[in-house]
Amino acid sequence: MSKSVFAITSTYERAEQMVSALQTAGFASSDISVLMPNTEGRHDVGHVKATKAPEGAATGAASGGIAGGVIGLLAGIGALAIPGVGPLIAAGPIMGALSGAAVGATAGGITGALVGLGIPELEAKRYEEKLKTGNYVLAVHVADGVERDRAKEIFEDADADEVFVSTDASVPER
C-alpha cells in the first residue's frame, strides 16, 4: 500500500477546486479519491446505485452518463449505501475499498475501509462522523515525500478543514 494524503472539506466547490489543483499539479486521476454524501441531484455528476464490485460501479457510471464536473471525470465513480452512514458517492481508488463495506455490511463499515487505506482507527472514526454531517473526504496516493508535500500544500492552499497523511512506512519521509 502506498502513502496517501487526505483532506476534509465542507463544500462541493472546494472539493472540486482541490481535485482540479491535484490534476494540474500532475497527480493522475486514477490516484485521486473523493467520498461525499449523496444528496440526490445536488452534485453535477451522474451516478449509479451500485453494491457490486468497483468494476461494476465504474461500468454502470459510464453507461449512466456523467453530467460533468471535475469529480465526475475520476475513475470508478458510483453510489454506495454504507450501513450507519447512508448514501455516498465515491470516486477513485476509495471506491474499491468501500465496495466491500457496502456489499458485506461489515461491522466496521466505512471506518474499516478507511483503516485499510492507511488512516488510524481514531481518525477513520472522525472521518466517518464528518461524512455523516455532510462533509467531503478527498485522498491522493503519493509516491514519495515530494509528492506528499505537494499534495498537502494543495489541500492547505484550498482551505481544507483538515489534512492528514497516512503513516504507511513503505513510503520514505523527506
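Residues numbered from 1 in each chain as written. Predicted model: local features only at pLDDT ≥ 70, side-chain atom pairs only at ≥ 80, totals over all residues. Heavy atoms only, no water.

A. Examining the environment of Ser20 more closely. Assignment of secondary structure puts Ser20 in helix α1 (residues 12–24). Take Ser20: its relative accessible area is 29%, and that puts it in the partly exposed class. Between the C-alpha atom of Ser20 and that of Ile154, which follows or precedes it by 134 residues, the distance is 9.9 Å. (Helix = DSSP H or I, 4+ residues; strand = E, 2+ residues; numbered from the N terminus. Buried < 20%, exposed > 50% of the residue type's maximum accessible area, 1.4 Å probe, protein only.)

B. Expanded view of a negative patch on the surface. A contiguous patch of negative charge on the surface is contributed by Glu153, Glu156, Asp157 and Asp159. With respect to the helices and strands, the residue Asp157 is situated in helix α6 (residues 145–157). Judged by relative accessible area, Asp157 falls into the exposed class, the value being 59%. (Patch = residues over 30% accessible without salt bridge, like charges linked within 9 Å, V, L, I, M, F, W, Y side chains within 5 Å. Areas by Shrake-Rupley, 256 points an atom, 1.4 Å probe, with all protein chains shown as cover. Salt bridge = Lys/Arg side-chain N within 4 Å of Asp/Glu carboxyl O. Lys, Arg positive; Asp, Glu negative; His and termini not counted. Charge placed at Lys NZ, Arg CZ, Asp CG, Glu CD.)

C. Structural detail: the pairing of strand β1 (residues 3–9). Judged by how many residues are buried, β1 sits mostly within the fold: seven of seven residues are covered. Side-chain alternation along β1 places Lys3, Val5, Ala7 and Thr9 on one buried face and Ser4, Phe6 and Ile8 on a second face that is also buried. As paired strands, β1 and strand β5 (residues 136–142) are joined by seven bridges and run antiparallel to one another. Note on β5: the bridge partner recorded for Ser4 is His141. Where β1 lies against strand β6 (residues 162–165), four bridges are found, and the strand directions are antiparallel. From the neighbouring strand, Phe6 faces β6, where its bridge partner is Phe164. (Pairing = 2+ DSSP bridges.)

D. Spatial organisation of the packing of aromatic side chains. A full pass over the atoms with the stated rule returns two aromatic pairs. Considering the side-chain rings of Phe6 and Tyr127, the 6.4 Å spacing of their centres and the 65 degrees angle between planes classify their relative orientation as edge-to-face. Residue Phe6 is located in strand β1, and its partner Tyr127 is located in helix α5 (residues 121–132); the two are separated by 121 residues in the primary sequence. With respect to class, Phe6 is no different from Tyr127; both count as buried. (Phe/Tyr/Trp six-rings, centres within 6.5 Å; stacked < 30°, edge-to-face > 60°.)

E. Layout of α1. Its 13 residues place the ends of α1 18 Å apart at the C-alpha level, agreeing with the 18 Å of an ideal helix rising 1.5 Å per residue. Buried within α1 are the following residues: Tyr12, Arg14, Ala15, Glu16, Met18, Val19 and Leu22. Buried-residue contacts for α1 involve β1, β2 (32–37), β5 and α6. Just beyond α1, the residue with positive phi is Gly26, at close to 100 degrees. (Expected span 1.5 Å × (residues − 1). Contact = heavy atoms within 4.5 Å.)

F. Region of interest: α6. Compared with the 18 Å implied by 1.5 Å per residue over 13 residues, the 18 Å span of α6 between its first and last C-alpha is a close match. Those residues of α6 lying buried are Gly145, Arg148, Ala151, Ile154 and Phe155. On its buried face, α6 is in contact with β1, α1, β5 and β6. Between the side-chain oxygen at the start of α6 and the backbone nitrogen of Val146 there is a gap of 3.1 Å, and the oxygen is on Asp144. Looking at the residues trailing α6, positive phi occurs at Asp159, about 60 degrees. (Polar contact = N/O pair within 3.5 Å; in protein donor to acceptor, adjacent residues only side chain to side chain.)

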